[in-house]
Amino acid sequence: MDYGTIARTTEGPIGIITLNRPEALNALNTQMVKELISALTSFEADDSVRCVVIAGSERAFSAGADIKEMAEMTAVQMAMTGHFFPLWDKVGRFPKPIVGALSGFVLGGGLELAMSCDVLVASETTQLGQPEIDIGVMPGGGGTQRLTRTVGKYKAMEMILTGRRIGAEEAKTLGLVSRVVPKEAFLSEAKKVASEIASKSPVAVRQAKMAVNKALEMGLADGLDFERELFYLLFASEDKTEGMKAFMEKRKPEFSGR
Ligand code: CAA
């Protein structure tokens, strides 16, 4: 597929998607959503890709859903075309880990896209917010749910009801990003984290990601049971045998993903 709004590349075991609509601060329009889904689908099918990075530019990860496109849409069109939501479902359920490389504006649907990733590396210039209230709507891509589960009710209410943006350091304190780095380093650091994850057992990484995500959906007792089942299952993997053998032989493991 030829991409017009994103770039899709690979660097060894890392699949990289770069949002590329600089004229609109990477606002997510229908074409970009379709292209993101297509790129993610191709990375999912490619066994050589073990981790994905989604990045924007230094100025903007994404300023949210494309307001100019949405302005003319009716409720029925939004509901019937499933305009954005296939993307959130695809990212949220993507089996391989996704590192978000954030810088500049991370707003509205852009923050919702970021919150569907698994590890978030943010440049010190990052500004995060849910400003939908300023244009007479509300978050629709998971913002009310994921933000509240991450930062708690009171901060989520403040951000969603006032539309106010927060900076990278505050986001880190709130647990909304994993780490903050100088602005020159946000992409290289995200790739570094992705390489580190890609060097682990893909089977263990997949199960661990699934278990952590379930913590946001299940009660503690069910979550602990779920975790244990996944843990037992890993004892059937070749990677478990290799990982433990390599430890005892004092060498680096070579994980096959089986
Ligand atoms: N949709 C469409 N175009 C956008 C956009 C968006 N979300 N955000 C920015 N742009 C466009 C601007 O219209 C402008 O284009 P023109 O030069 O053609 O006018 C260009 O990007 C640059 O933007 P600004 O001139 O506004 O840049 P700035 O530095 O002065 O301000 C900003 C940057 C604060 C991010 C401002 O652009 C802004 O507030 N954008 C809208 C943010 C927003 O409301 N996002 C939520 C969208 S709704 C949503 O996401 C729903 C959902 O949950 C699924």
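Residues numbered from 1 in each chain as written. Predicted model: local features only at pLDDT ≥ 70, side-chain atom pairs only at ≥ 80, totals over all residues. Heavy atoms only, no water.

Chemist: Is there a simple way to explain the sheet that holds strand 6 (residues 105-107) in this structure?
Modeler: Remark on secondary structure: sheet strands pair via backbone hydrogen bonds, oriented parallel or antiparallel. Pairing is mixed across the open sheet formed by 4 strands, whose spatial order is 4-6-8-9. Among the strands making up the open sheet, the edge pair consists of strand 4 (60-62) and strand 9 (166-167). As paired elements, strand 6 and strand 8 (residues 127-129) share 3 bridges and run parallel to each other. The residue of strand 8 that forms the bridge with Phe-105 is Gln-127. (Pairing = 2+ DSSP bridges. Helix = DSSP H or I, 4+ residues; strand = E, 2+ residues; numbered from the N terminus.)

Chemist: Would you mind going over the packing of aromatic side chains with me for this structure?
Modeler: In this description, an aromatic ring pair is defined by two values, namely the gap between the centres and the angle between the planes. Taken as a whole and assessed by the stated rule, the structure comprises 1 aromatic pair. Here the guanidinium or amino end of Lys-214 rests over the ring plane of Phe-226, the centre of that ring lying 5.8 Å away. (Phe/Tyr/Trp six-rings, centres within 6.5 Å; stacked < 30°, edge-to-face > 60°. Lys NZ or Arg CZ within 6 Å of the ring centre and 35° of its normal.)

Chemist: Please explain the pairing of strand 7 (residues 119-123) as it appears in this structure.
Modeler: One face of the sheet, then the other: side chains in a regular strand alternate in exactly this way. Within strand 7, 4 of the 5 residues are buried, which leaves it mostly tucked inside the rest of the structure. Relative to strand 7, strand 5 (residues 98-102) is paired through 4 bridges, and the arrangement is parallel. In the strand pairing of strand 7, Val-99 is matched with Val-119. Where strand 7 meets strand 10 (residues 179-181), 3 bridges bridge the pair, whose relative direction is parallel. By the bridge assignment for strand 10, Ser-123 is matched with Val-181. (Buried < 20%, exposed > 50% of the residue type's maximum accessible area, 1.4 Å probe, protein only.)

Chemist: It is not clear to me how the pattern of salt bridges should be interpreted in this structure. Could you clarify?
Modeler: Pairing between side chains of opposite charge can happen when their charged atoms approach one another. On inspection of all chains with the given rule, the structure shows 15 salt bridges. Ionic pairing is found between Arg-164 and Glu-158, a salt bridge with its closest N-O pair at 2.9 Å. (Salt bridge = Lys/Arg side-chain N within 4 Å of Asp/Glu carboxyl O.)

Chemist: What's the story with the layout of surface pockets in this structure? I'm lost.
Modeler: The probe, sized like a water molecule, is rolled over the atoms to show the empty space still left. Of the voids in this model, the largest pocket is the one considered here, and its volume is about 1100 Å³. Along the walls of the largest pocket sit 37 residues, with Gly-92, Asp-118, Arg-146, Asn-213 and Leu-216 positioned nearest its centre. Looking at the lining of the largest pocket, the elements with two or more residues in it are helix 4 (85-92), helix 5 (109-115), strand 7, helix 6 (143-151) and helix 10 (202-214). Here the lining of the largest pocket is built from residues that sort into 18 nonpolar, 10 polar and 9 charged. Volume-wise, the second largest pocket comes out at about 640 Å³. Contributing to the lining of the second largest pocket are 30 residues, with Ala-65, Asp-66, Ile-67, Met-70 and Ile-135 lying nearest its centre. If you list the elements that add at least two residues to the lining of the second largest pocket, you get helix 2 (67-70), helix 4 and helix 5. A total of 3 residues in the lining of the second largest pocket trace back to one element, the largest contributor, which is helix 2. (1 Å grid on protein atoms, 1.4 Å probe; cavity = no way out; pocket = protein on both sides within 12 Å on 5 of 7 lines; lining within 4 Å. Points joined across faces, edges and corners; volume = space filled by probe spheres on them. Nonpolar A, V, L, I, M, F, W, Y, C, P; charged D, E, K, R; others polar.)

Chemist: Before we go on, may I ask you to explain the domain arrangement of the protein chain in this structure?
Modeler: As a measure of interface size, the accessible area lost when the parts come together is often cited. What the domain assignment reports for the protein chain is domain 1 (6-198) and domain 2 (202-248). The centre of domain 1, based on its C-alpha atoms, is set 26 Å off from the matching centre of domain 2. Listed as interface residues are 10 residues of domain 1 and, on the opposing side, 6 residues of domain 2. Sorting the residues of domain 1 by area buried against domain 2 places Pro-95, Asp-118 and Arg-149 first, and these three jointly supply 56% of that buried surface. For the pair domain 1 and domain 2, the interface holds 1 salt bridge. (Domains from an automatic or database assignment. Contact = heavy atoms within 4.5 Å. Buried area = accessible area lost by both parts, 1.4 Å probe.)

Chemist: I would appreciate a short explanation of the packing of helix 1 (residues 30-45) against helix 4 in the present structure.
Modeler: Between two packed helices, what matters for the description is the angle formed by their axes and the separation of those axes. One can describe the packing of helix 1 onto helix 4 by two numbers: an axis separation of 9 Å at closest approach and a directional angle of 25 degrees. In terms of axis orientation, helix 1 runs roughly parallel to helix 4. Once helix 1 is placed against helix 4, the crossing between them reads as left-handed. Residues Val-33, Leu-36, Ile-37, Leu-40, Thr-41 and Glu-44 of helix 1 touch helix 4, and the partners they reach there are Pro-86, Leu-87, Lys-90 and Val-91. (Axes fitted to C-alpha atoms, helices over the stretch in contact; angles between N-to-C directions. Parallel < 35°, antiparallel > 145°, perpendicular 65-115°, else oblique. Left-handed = near helix turned anticlockwise from the far one by under 90°.)

Chemist: Would you mind showing me how to read the site of the ligand here?
Modeler: Near the ligand, the surroundings consist of 23 residues, among which Ala-63, Ile-67, Gly-109, Glu-112 and Glu-132 are the closest. A distance of 2.8 Å separates an oxygen atom of the ligand from a polar atom in the side chain of Glu-132. Within the backbone of Gly-140, a nitrogen or oxygen atom sits 3.2 Å from an oxygen atom of the ligand. Protein burial of the ligand: of its 980 Å² of free accessible surface, 66% is covered by the chains. Mapped onto the shell around the ligand, the elements with two or more residues apiece are helix 2, strand 6 and helix 5. Tallying contributions element by element places helix 2 first for the shell around the ligand, with 3 residues. (Near = heavy atom within 4 Å. Polar contact = N/O pair within 3.5 Å; in protein donor to acceptor, adjacent residues only side chain to side chain. Areas by Shrake-Rupley, 256 points an atom, 1.4 Å probe, with all protein chains shown as cover.)

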